[in-house]
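Close look at the chain arrangement
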Amino acid sequence: MKIISGGVTAARGFKAAGTHCGIRKNHSKKDLALILSACEASAAGVYTTNLVKGAPVQVTRAHIAADGKLRAIVCNSGNANTCCADGIIKAERMCSIVAHRTGVAPSDVAVASTGVIGQPLPIEPIEEAMEGLVGQLTSDGSSDAALAIMTTDTVKKEIAVEFTLGGKTCRMGGIAKGSGMIHPNMATMLVFITTDAAVPSETLQKLLSADVKDTFNMVSVDGDTSTSDMVIVMANGMAENGPLSAQDETELAAALRAVTGYLCKMIASDGEGATKLLECRVSGAFTDADARIAAKSVIGSSLLKAAMFGADANWGRVLCAVGYSGANVDVDKVDVSFESKAGSVEVCRMGRGIEFSEEIAKQVLSEKEIAIVIGLNSGEGCATAWGCDLTYDYVRINGDYRT
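Residues numbered from 1 in each chain as written. Predicted model: local features only at pLDDT ≥ 70, side-chain atom pairs only at ≥ 80, totals over all residues. Heavy atoms only, no water.

Things to note about the overall build of the protein chain
Our working definition: Every helix listed is a DSSP run of H or I at least four residues long, and every strand listed is a run of E at least two residues long, numbered separately from the N terminus. The globule rule used for comparison is 2.2 Å times the number of residues to the exponent 0.38, while the radius of gyration itself is calculated over C-alpha atoms. Throughout this description, buried means an accessible area under 20% of the type-specific maximum (1.4 Å probe, protein chains only), exposed means over 50%, and partly exposed covers the range between.
Along the backbone of the protein chain there are 11 helices and 15 strands. At 21 Å, the protein chain has a C-alpha radius of gyration in line with the 22 Å of a compact globule built from 403 residues. If one aligns the C-alpha atoms of the protein chain with their principal axes, the spans along those axes are about 70 × 55 × 35 Å. When the 403 residues of the protein chain are sorted by exposure, 55% land in the buried category.

Focus: the pairing of strand β11 (residues 335-340)
Rules: By definition, two strands form a pair when at least two bridges between them are found by DSSP.
Counting buried residues along β11, five of its six residues qualify, which places the element largely inside the surrounding structure. Where β11 lies against strand β14 (residues 369-375), five bridges are found, and the strand directions are antiparallel. Note on β14: the bridge partner recorded for Ser337 is Val373. Here β11 hands over to strand β12 (residues 343-349) after two residues, the two strands then running antiparallel side by side.

Focus on the packing of aromatic side chains
We apply this condition: The aromatic pairing rule takes the rings of Phe, Tyr and Trp, using the six-membered ring of Trp, and pairs them if the centres are within 6.5 Å, calling planes under 30 degrees apart stacked, those over 60 edge-to-face and the rest tilted.
Evaluation of the coordinates by the stated rule reveals one aromatic pair. Considering the side-chain rings of Phe309 and Tyr392, the 5.2 Å spacing of their centres and the 90° angle between planes classify their relative orientation as edge-to-face. Remark: Tyr392 occurs in helix α11 (residues 392-399) and Phe309 occurs in helix α8 (residues 302-309); sequence separation between them is 83 residues. Among the residues examined, Tyr392 registers a relative accessible area of 68% and is labelled exposed.

Observations concerning the side chain of Ser113
For clarity, the threshold we go by: N or O atoms closer than or at 3.5 Å make up a polar contact, with two conditions inside protein: a donor-capable atom paired with an acceptor-capable one, and, for residues adjacent in sequence, both atoms drawn from side chains. We call two residues in contact whenever any of their non-hydrogen atoms come within 4.5 Å of each other.
Topologically, Ser113 is positioned in strand β5 (residues 109-116). Only 2.5 Å separates the side chain of Ser113 from the side chain of Asn76, close enough to count as a polar contact. Leaving out residues up to four positions away in the same chain, Ser113 has contacts with Pro56, Asn76, Asn79, Ala80, Asn81, Met94, Ser228 and Asp229.

Written out as structure tokens, the structure reads:
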């Protein structure tokens with residue numbers, strides 16, 4: 001497997017585009033994206049667990065559930081189309097607008113929206129821009145689509161990989177948005193993944209559902225699970241690989257993990273107001289489930305996140321988060337250290353503080369990427385979670401997000 005360029009258009013048969021249609025007031029920012037497959041594609045999705053779900057989530061889930069197939073994904077930013085009386089009507093209308101301009105069936109279109117909750121989505125700008133957007137579709141349009149789905153993101157998020165199935169070269173690529181309202185329990189972001197591998201929709205769903213347990217469900221920026229977001233995978237089969245063997249499924253799962261893992265780190269490092277990427281690595285848990293619970297609790301601790309912003313080695317906040325996480329943990333066996341490219345500093349051994357250099361700790365925690373390494377010393381379970389520091393800018397960004 002190797003990393004290649006191209007994002008969601010790296011795979012054969014996929015085109016993408018992004019444009020400014022007028023939903024967002026800033027004309028310099030794209031706000032409407034389209035991804036189109038040249039042929040019918042198997043599809044799978046995971047969706048927000050928030051009981052308050054945006055209309056696009058409901059429509060997309062129904063479209064994929066009907067036959068496991070898609071041809072296109074349309075997404076707007078600037079308005080979430082959530083908690084609106086006409087939300088379902090407008091989400092379905094977005095699918096029909098795409099269908100009218102591309103010739104695909106409305107039921108073969110996935111729809112997504114991200115932005116402010118509770119404000120009616122203006123459908124006219126989308127309808128007026130669609131002809132031009134379809135005309136802009138290109139096999140190198142992934143970056144434009146990635147830009148169009150951003151809200152408070154500061155950088156576009158895309159990746160692609162190349163791998164082999166049954167002797168055939170296959171490609172997989174993805175784009176994502178996510179900066180705020182990010183917290184574990186799928187989904188808390190928008191992620192669109194494409195591949196030219198031939199994969200039945202049932203297999204695709206199985207692999208995606210398994211993958212998110214250790215990737216997107218392990219990302220937290222601010223503890224808020226979004227109402228609107230999803231992860232969608234499309235596989236159009238244009239690589240012409242044969243039926244999947246057990247080894248092929250393993251290779252496909254590895255490619256998916258390479259894409260989703262990379263996007264997880266990008267989302268966490270681009271958290272609203274963030275200055276540091278935090279990676280919490282837990283090992284020695286009784287079970288993998290216990291490791292996941294502990295890692296997510298640490299990465300979600302506001303006190304720990306604030307300490308990381310200040311480069312303060314306040315390791316007690318790590319133990320505190322492990323202790324209230326609900327994981328089965330022997331707190332008298334917990335080891336903690338902090339690591340970065342500046343070095344490593346051990347701060348806790350067997351649940352007790354040890355002497356360490358505050359000066360070295362400050363250097364370690366002043367880097368842009370920091371690992372919080374936790375040894376539970378009780379079993380073989382392990383997990384990794386990603387997050388970011390909590391800064392003054394997080395409050396500034398969210399204090400006037402709507403107005």
